[in-house]
Amino acid sequence: MENTISHIVHRDDEASKMGMWIFIFTELLLFGGLFLVYAVFRAKYSEDFHIAAMELNAFVGTANTVILLISSMTVAMAITAIQKGDKGLSIKLLAVTLLLATFFMINKYFEWSGKIHHGLYPGSEVMLGLNRGQLLFFGLYYATTGLHALHVFIGMAILAVMLFRIKSGKITQDNFVHLENGGLYWHLVDLIWIFLFPLLYLIT
Amino acid sequence: MSGLTQEHAQPSYLDQQGKYKGLLGWIFSTDHKRIALLYLYTIVVFFLVAVVFGLLMRIELFFPGQDIMSPQTYNAMFTVHGVIMIFIIVIPGLSAVFGNFFLPILIGAKDVAFPRLNLLSWWIFLFGAILAVLSQFAGSGAPDTGWTFYVPYSAESDSNVVIALTAAFVLGFSSILTGLNFIVTIHRMRAPGMTWFRMPLFPWSLYATAWIQVLATPIVGITLLMVIAERTLHIGFFDPALGGDPILFQHLFWIYSHPAVYVMILPAMGVVTEIFPTFSQKPVFGYTAIAISSLAIAGVGYFVWGHHMFTSGMSYSARWFFSFLTFIVAVPSAIKVFNWLSTMYKGSIDLKPPLLYAISFIFLFMIGGLTGLVLGSLATNVQVHDTAFVVAHFHYIIFGGMGFGFFAGMHYWFPKMYGRMYNIKLANIAWGILFTGFNFLYFPQFVIGMQGMPRRYFDYLPQFQVGHFISSIGAFILVTGIILMIYNLIRSAHKGEVAPANPWRGSTLEWQISSPPPLENFDEIPVITGKPYQYNTDDLGNE
Amino acid sequence: MEKEHKHHISSYFAHGTVLVTLLVLTVITVVVAGLKLGPLSVFVALIIASIKGTTVLTYFMHLKYDKPIYRIMVFGVFLLFALIIGITFIDYVFR
């Protein structure tokens, strides 16, 4: 009985991280279902997808890609900052990330409202008048970007919580696994966009 | 395994402690054992509801023509029976109840990796379960699409499809969280010295199951969301009226729902794998083969979904591909059957209720598995597709496999969970009635299915009368057996004689601690020095 | 429950380099899309997206410095997804 380990309330950062990764896998496969539907329809209606994609503004898409990539870097840097014990810098970098995420959402808002203004939204007269492949493309466009935007919102909420936890001293130089996990989630949002962007905006 | 029998240093997990009293002490408890019992009680309640639906359907089918319900009610009955049985009982069943209770104990841990997440997944489960039952009664009529929600009908039916879809989505979320928790628990919480290949085999099967839960459930989650979007926002994916492709729905649905069959059956295999060595007092035969075959079933089982779609108009190449893989996936299951039989061979067999259930598990699972090959082969599938043959097949697998596995586990671990022993004689009688009723109920459906009786029909031609009649009689016998079994267990939980720590002379860790287990399972985390199931005759006297 | 505090700390400069790489790849993918490569363009776009994705996974998501088990898991998930798409296409290509 001597050779046993006494049980103190102990923190297993590795377990938290593994849990987060597995959660990320489920998110990836959630989008995976949509990508599968996209792949099948794109193979079937490649011409229509091409025509429909002309409606999308590649410039806005590119701008949003750049925004998300930069925000991914600032989150990664915020983790570096906390690891080096620079609490103030970490908070600033997270604030920048949240600001960038807001820009992303503003862009998205104008993009969507432009389409809706032209009567191009699910169930509308204009949309049901399109031929089959184009109809499917816009359906997928709204579903994928909508679900992605929802994840941006969730990511923003998580990062905001992390920001306050750094402020209140719950996340520190030697207890930062929650910030790391929040960061992982944000990178997931970025990762999905990296694939959505060429598949929706850059069809030629 | 170190032979430590612990003193009653800590109070049992059943005793009152913590900051909440009474019921609150249960529904807000983060103890894995209490959460397991929460799941157990929830599942039993919903099981009885679904059994009543099933029995009503059998009464309707006693004679040709309309007997006790309208066709529309019958449609709602089989839909809600399916939704409850599949999503609330058989998918979570074994892993949520016995997995939660025994996984930490079997690997020598004090709890799962994320206890609060564990409680959260029960709450989500309860919420989803209530939604599922609500869909039967609220709003515009019970859903009538069948539990498979095939589009286009599910996109057009006026009934409560959206509520049922949401319920399935919510229940899936709970399933994912349980799976996530178990994977991390097995990776991170094993006791010192417990290497992967020193783990008992029930945790192995839970590990394989957990990966399927985590990797397959999101696909059905998004699919259900897409159908919801189709119905509410008119975004076309599957409904041809909106430009969609209904066969694509079947692909996506079965990409989850076929692996889900392994979520149901793998833990049941794990349970009986614990039972055979204990009641034969012999080390399990082919430990590594059983462990690896669990992973193989999970892996290959992911890619056979198309065998549900042989008559859907899928391409010929895809059909033979899926048929071929279906035959492959039968191999690891057969390996397990041989291992169980070899474990019993020349063992000192003690025919107690858990072993009776485990042996009947093999028998019923074999019938279900072999008829599965009839369905998996392309030519015969066309003959029996969507007939009562399919119904009989999956009830043999799901009820005969998962259900009997669950009953086996219940009778095996009952003395550990409650610290009391049930009436063994009564349990044997209940088993006999259950087993007889089961075969009377489902075997005739193979026959009438072969003759062409379609599934999901509330009426039938006179030529199927005999089969349906026997089947309905069987339903009553089966329900009698279930009631007797549950009565025995409930009564014994309160009044049964006090059980010793190790009534079956088992060798795995759960039998080395007191019954019922103390709150933190182990006073001190055990150190593991060898493989599990090390039985030899002079090592048995420690109860 | 051994101690595992050998955390690798990435430098700010490394993060900056990764970002520049990602931005360059974004420019490339936009430019290539304009070249009208026909059916090839979707493959080029996906290859570039995969490189970008791998970069994010390796550096931002820290896979390079984590235990190998994470790399195995991530690889497994992507392989699984690729197989699902491939097998579904056995139906659609030969219909």
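Let me begin by describing the structure that accompanies this report.

Conventions and cut-offs
Counting restarts for each chain, with residues numbered from 1 along the sequence as it is written. Chain letters start at A and ligand numbers start at 1, both assigned in the order the entries are written. The model is predicted, so local features are restricted to residues of pLDDT at least 70 and side-chain atom pairs to those at 80 or more, both for listing and for counting; the totals for chains, interfaces and linings are taken over all residues. Note that the side-chain values use all heavy atoms of the structure and ignore hydrogens as well as water. Under the DSSP-based scheme used, a helix requires at least four consecutive residues in state H or I and a strand at least two consecutive residues in state E, with every element numbered from the N terminus. Classification of residues uses two cut-offs on accessible area relative to the type maximum, computed with a 1.4 Å probe and protein chains only: under 20% is buried, over 50% is exposed, and between them is partly exposed. We call two residues in contact whenever any of their non-hydrogen atoms come within 4.5 Å of each other. Per-residue and other accessible areas were derived by the Shrake-Rupley procedure at a 1.4 Å probe size, with only the shown protein chains allowed to occlude residues. Counting rule for charge: Lys and Arg are taken as positive, Asp and Glu as negative, and neither His nor the chain ends is counted. Where a charge lies is defined by one atom per residue type: Lys uses NZ, Arg uses CZ, Asp uses CG and Glu uses CD. In the sections that follow, a salt bridge refers to a side-chain nitrogen of Lys or Arg positioned within 4 Å of a carboxyl oxygen of Asp or Glu. Two parts placed together each lose some accessible area under a 1.4 Å probe, and adding up what both lose gives the buried area. Here a polar contact means two N or O atoms within 3.5 Å. Within protein one must be a hydrogen donor candidate and the other an acceptor candidate, and residues neighboring in sequence count only if both atoms are side-chain atoms. In this count, Pro and Cys sit with the nonpolar residues alongside Ala, Val, Leu, Ile, Met, Phe, Trp and Tyr, while Asp, Glu, Lys and Arg are called charged and the others, Gly among them, polar. A helix is expected to span 1.5 Å multiplied by its residue count minus one. Only centres within 6.5 Å qualify two rings of Phe, Tyr or Trp (six-membered ring in Trp) as a pair; their planes then separate them into stacked at under 30 degrees, edge-to-face at over 60, and tilted for everything else. Only Lys NZ and Arg CZ are tested; either one counts as a charge over a ring when it is within 6 Å of the ring centre and within 35 degrees of the ring normal. Working convention: axes come from line fits to C-alpha atoms, limited for helices to the stretch in contact. Angles between N-to-C directions cover 0 to 180 degrees. Any angle from 65 to 115 degrees is called roughly perpendicular, while one under 35 is roughly parallel, one over 145 is roughly antiparallel, and all others are oblique. Crossing handedness: left-handed means the near helix sits turned counterclockwise from the far one by under a right angle, and right-handed means the same turn made clockwise.

Some thoughts on the overall build of chain A
- When you go through chain A residue by residue, the secondary structure sums to 7 helices and 0 strands.
- The secondary structure elements of chain A, listed N-terminal to C-terminal, are α-α-α-α-α-α-α.
- With the C-alpha coordinates of chain A rotated into their principal frame, the extents come out at 75 × 40 × 25 Å.
- For chain A, with 204 residues in total, the buried portion stands at 62%.
- Taking all contacts inside chain A whose residues are at least 6 apart in sequence as the whole, residues at least 24 apart take part in 83%.
- Put simply, chain A shows about 7,900 Å² of open surface, and 66% of that area lies on carbon and sulfur atoms.
- Of the side chains in chain A, 13 bear a positive and 14 a negative charge, and the two mean positions are spaced by 5 Å.

A short note on the pattern of salt bridges
- One pass over the structure, following the stated rule, counts 10 salt bridges over all chains.
- Lys 352 of chain B is the salt-bridge partner of Asp 350 of chain B, the closest N and O atoms lying 3.2 Å from each other.

Some points on the interface of chain C and chain B
- Across the contact, 16 residues belong to chain C and 20 residues belong to chain B.
- Summed over both partners, the interface of chain C with chain B buries about 1,600 Å², with 74% contributed by carbon and sulfur atoms.
- It is Leu 80, Ile 84 and Ile 87 of chain C in chain C that bury the most area against chain B; as a group they hold 30% of the surface buried on that side.
- Counting the contacts that link chain C with chain B gives 0 salt bridges.
- Our count for the contact surface shared by chain C and chain B stands at 6 residue pairs in polar contact (both at pLDDT 80 or more).
- Split into classes, the residues belonging to the side of chain C that touches chain B amount to 11 nonpolar, 1 polar and 4 charged.

Concerning helix 3 (residues 71-90) of chain B
- In a regular helix each residue adds 1.5 Å, so 20 residues correspond to 28 Å; helix 3 of chain B covers 27 Å between its end C-alpha atoms and thus fits that length.
- Counting buried residues in helix 3 of chain B gives 16 out of 20 residues, a clear majority hidden from the surface.

Digging into the packing of aromatic side chains
Residues and elements named next belong to chain B.
- Under the defined criterion, the tally for this structure stands at 68 aromatic pairs over all chains.
- Their ring planes at 70° and their centres at 5.2 Å tell us that Trp 122 and Trp 123 sit as a pair that is edge-to-face.
- Their ring planes at 15° and their centres at 5.5 Å tell us that Trp 431 and Phe 435 sit as a pair that is stacked. Taken together, the residues span about one helical turn, with Trp 431 and Phe 435 both in helix 15 (residues 424-451) at a distance of 4 residues.
- The buried category is assigned to Trp 431, whose relative accessible area is 19%.
- Between the NZ or CZ atom of Arg 34 and the centre of the ring of Trp 26, over which it lies, the distance is 4.3 Å.
- Taking NZ or CZ as reference, Arg 190 lies 4.4 Å from the ring centre of Trp 196, over its face.

Quick word on the environment of Asn 502 of chain B
Residue and element names in this part refer to chain B.
- Structurally, the position occupied by Asn 502 is in the segment after helix 16 (465-495).
- Since its relative accessible area comes to 5%, Asn 502 is described here as buried.
- As for Asn 502 and Ile 513, which are separated by 11 residues in sequence, their C-alpha atoms are 8.4 Å apart.

Comments concerning the packing of helix 1 (residues 12-34) of chain C against helix 2 (residues 40-60) of chain C
Residues and elements named next belong to chain C.
- In contact at an axis separation of 10 Å, helix 1 and helix 2 are set at 170° when each is read in the N-to-C sense. Here helix 1 lies roughly antiparallel to helix 2, going by the angle between them. When helix 1 is examined against helix 2, the residues His 15, Val 18, Leu 19, Leu 22, Leu 25, Thr 26, Ile 28, Thr 29 and Val 32 are found in contact with a partner set consisting of Val 44, Ala 45, Ile 48, Ile 51, Lys 52, Thr 55, Val 56, Tyr 59 and Phe 60.
- Classifying every residue of the contact of helix 1 with helix 2 by side-chain character gives 13 nonpolar, 4 polar and 1 charged.

So, the packing of helix 1 (residues 13-44) of chain A against helix 7 (residues 161-188) of chain B
- Viewed as axis vectors pointing N to C, helix 1 of chain A and helix 7 of chain B meet at an angle of 140°, and their least axial separation amounts to 10 Å. In terms of orientation, helix 1 of chain A and helix 7 of chain B fall into the oblique class. Crossing geometry of helix 1 of chain A relative to helix 7 of chain B is assigned as right-handed. Judged by residue contacts, Glu 14, Ala 15, Met 18, Gly 19, Ile 22, Phe 23 and Thr 26 of chain A of helix 1 of chain A engage Ile 176, Leu 180, Ile 183, Val 184, His 187 and Arg 188 of chain B from helix 7 of chain B.
- Partitioning the contact of helix 1 of chain A with helix 7 of chain B into residue classes produces 8 nonpolar, 3 polar and 2 charged.

Concerning the interface of chain A and chain C
- The interface is formed by 47 residues belonging to chain A together with 47 residues belonging to chain C.
- The largest per-residue losses of area from chain A upon contact with chain C belong to Trp 21, Leu 69 and Thr 204 of chain A, which jointly make up 14% of the total buried on that side.
- Taken together, the links from chain A to chain C amount to 1 salt bridge.
- On the surface where chain A and chain C come into contact, there are 6 residue pairs in polar contact (both at pLDDT 80 or more).
- Sort the elements by how many residues they give to the side of chain A that touches chain C and helix 1 of chain A lands first, with 17 residues.
- Residues of the side of chain A that touches chain C, tallied by class, amount to 29 nonpolar, 9 polar and 9 charged.

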